[in-house]
Amino acid sequence: MRDSVTRRPGRTLRIAGDRLLAAIRDLGAIGATADGGVTRLAFTDEDLRGRKLVHDLMVGAGLQTRIDSAANIIGYRPGQRQDLPVLMLGSHIDTVPNGGALDGAYGVLAAVEVARALDEHGTLLSHPLAVVAFNNEEGAFGTRGMWGAHAMVGALDETDLAAADDRGRPVADLLTEMGGDPGRLDQAVWAADEVAAYFELHIEQGPVLESRNVRIGVVEAITGRSTLDVTVRGKASHAGTTPMELRQDALVAAAQVILAVRDLAGRNGPVRVATVGSLSLAPNAWNVVPGIVTMQVDLRDVSESAMRQAAARLRGEILEIAMRTGTAIDVAGQNSVPAVSCDLGLRDVIAAASESLNLSHLTLPSGAGHDAQVIGRIAPIGMIFVPSRGGISHAPEEHSAGDDLIAGANVLLQSVLGYDERYAN
Ligand code: GLV
Ligand code: MN
Ligand code: MN
């Protein structure tokens, strides 16, 4: 940090747009796929390389860095008032398989740029600032999503640590490889009075802002999510010699489960959206009737009771499918993240920041999950969205215009300054 510091930079401070876009390109090159996507799953070599890049950028921004025991990367900047709780910014840098370069990474890199802008202009906030790259938001290899954020709010226990990923690797080992310390997970926990507020900047991942031609989204609430692990056990047997009526085909049963999941959403279903996005079968050979299928079900709604109702209805239908198909079907491992409202005061700060930059803004809900909704258990949260081309994300076609990415980062910067001014007393 510079020696001479000024208290208030005014409303003219801006992030370095070209540098932000270059950082997004550099991080997006790690794990880049042939069709323009990015595969940088948590707990992989690509993740480690991405984490190193982000760590180095944090150091370059004058942040004091550390990796906590849950393998979150934290960059810290003291405030003028060390008695105040920390103003936290962050998102994640892991991706889904063949996802985009912006989901998560944009929010982390923009937050680092915000810290760097403050550093370069010698601006000391009243609040201490922390920039966090949360570990494993996407739930790589079937693990619990928002892992690092859950650790920070003390929502993980021995079961989460004892879990293995879908390759059979203990999560505790994966954590150690990322620089975490599974034996001291409690040290990653933040108390509610340690975090003043949390802001997360993210691409919208949906079509609303683009279709309305609005530059900035002020998020009002983040959808809840419930994940179920379903295992179908049939009997593997010869595809040529086993008569159709004697089969216990796990995949045929799984297909019926998938349709039942689809029907949980829509006109007569209790939830907003329901998806089976992950499925594996064994022995997975063309000449063997499938013996075992495992899949993950993702249910989302703002209402907890709707998700509970959907899970109960699915369990009932699964019993019938198991009877019809001669299979045994288990439903286990239900993890849910409740819906969370964004703080009205922070929404106001974001709206004011957008207006100060002459950017149109709109209030909207988030259908995607975010680290913010977990941090919302210990602090007020605010989320800023920028438009996504065609509303596409979790796919190589994910794209947002450079001008929008820069505008969003400036809204984050002005929100930080606005928050600090409004709440530092
Ligand atoms: C998180 O990326 C989600 O699946 O919404
Ligand atoms: Mn995502
Ligand atoms: Mn994300």
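Calculation notes
- Residues numbered from 1 in each chain as written.
- Chains lettered and ligands numbered in written order.
- Predicted model: local features only at pLDDT ≥ 70, side-chain atom pairs only at ≥ 80, totals over all residues.
- Heavy atoms only, no water.
- Buried < 20%, exposed > 50% of the residue type's maximum accessible area, 1.4 Å probe, protein only.
- Helix = DSSP H or I, 4+ residues; strand = E, 2+ residues; numbered from the N terminus.
- Pairing = 2+ DSSP bridges.
- Donors = N, O, S within 2.8 Å, 3.2 Å for Na, K, Ca; no water.
- Expected span 1.5 Å × (residues − 1).
- 1 Å grid on protein atoms, 1.4 Å probe; cavity = no way out; pocket = protein on both sides within 12 Å on 5 of 7 lines; lining within 4 Å.
- Points joined across faces, edges and corners; volume = space filled by probe spheres on them.

To continue, consider the pairing of strand β5 (residues 195-203). The element β5 is largely enclosed, with a buried count of nine among its nine residues. Sheet topology note: the strand β3 (residues 86-92)/β5 ladder contains four bridges and is parallel. Its bridge partner being in β5, Leu-87 is matched across the sheet by Ala-197. Across six bridges, the pairing between β5 and strand β15 (residues 381-386) is parallel. Looking at β15, one finds that Glu-200 is bridged to Met-383.

We now examine unusual backbone geometry. The linkage connecting Ala-282 with the following residue, Pro-283, adopts the cis geometry, with an omega of 0°. Checked against the element boundaries, Pro-283 lands in the loop between β9 (273-282) and β10 (288-289). Phi is positive for Phe-43, close to 70°, though the residue is something other than glycine. On the secondary structure map, Phe-43 appears in the loop between α1 (17-28) and α2 (45-60).

Coordination of the manganese ion (ligand 3) by the protein is provided by His-92 (NE2), Asp-103 (OD) and His-202 (NE2), with metal-donor distances spanning 2.0 to 2.3 Å. One chain supplies every donor for the manganese ion (ligand 3), spaced along it as H-x10-D-x98-H. Separating the manganese ion (ligand 3) from the manganese ion (ligand 2) is a gap of 3.6 Å, which Asp-103 spans by donating to each of them. Remark: His-202 occurs in strand β5 and Asp-103 occurs in the loop between β3 and α3 (105-120); sequence separation between them is 99 residues. On the basis of relative accessible area, Asp-103 is assigned to the buried category, the value being 7%.

Once that is clear, we can look at helix α12 (residues 402-423). Its 22 residues place the ends of α12 31 Å apart at the C-alpha level, agreeing with the 32 Å of an ideal helix rising 1.5 Å per residue. Within α12, 17 of the 22 residues are buried, which leaves the element mostly enclosed by the surrounding structure.

Moving on, we get to the coordination of the manganese ion (ligand 2). Protein-derived coordination of the manganese ion (ligand 2) comes from Asp-103 (OD), Glu-138 (OE) and His-394 (NE2), at a distance range of 2.1 Å. Note on His-394: relative accessible area 41%, which makes it partly exposed.

For the rest of this paragraph, the subject is empty space enclosed by the protein. One simple way to see leftover space: roll a probe sized like a water molecule over the atoms. Taken as a whole and assessed by the stated rule, the structure comprises one cavity of 30 Å³ or more. For the largest cavity, the full set of lining residues is Ala-42, Asp-47, Arg-51, Ile-73, Ile-93, Asp-94, Ala-133, Phe-134, Asn-135 and Asn-136. Elements that contribute at least two residues to the lining of the largest cavity include exactly α2 and β4 (129-134).

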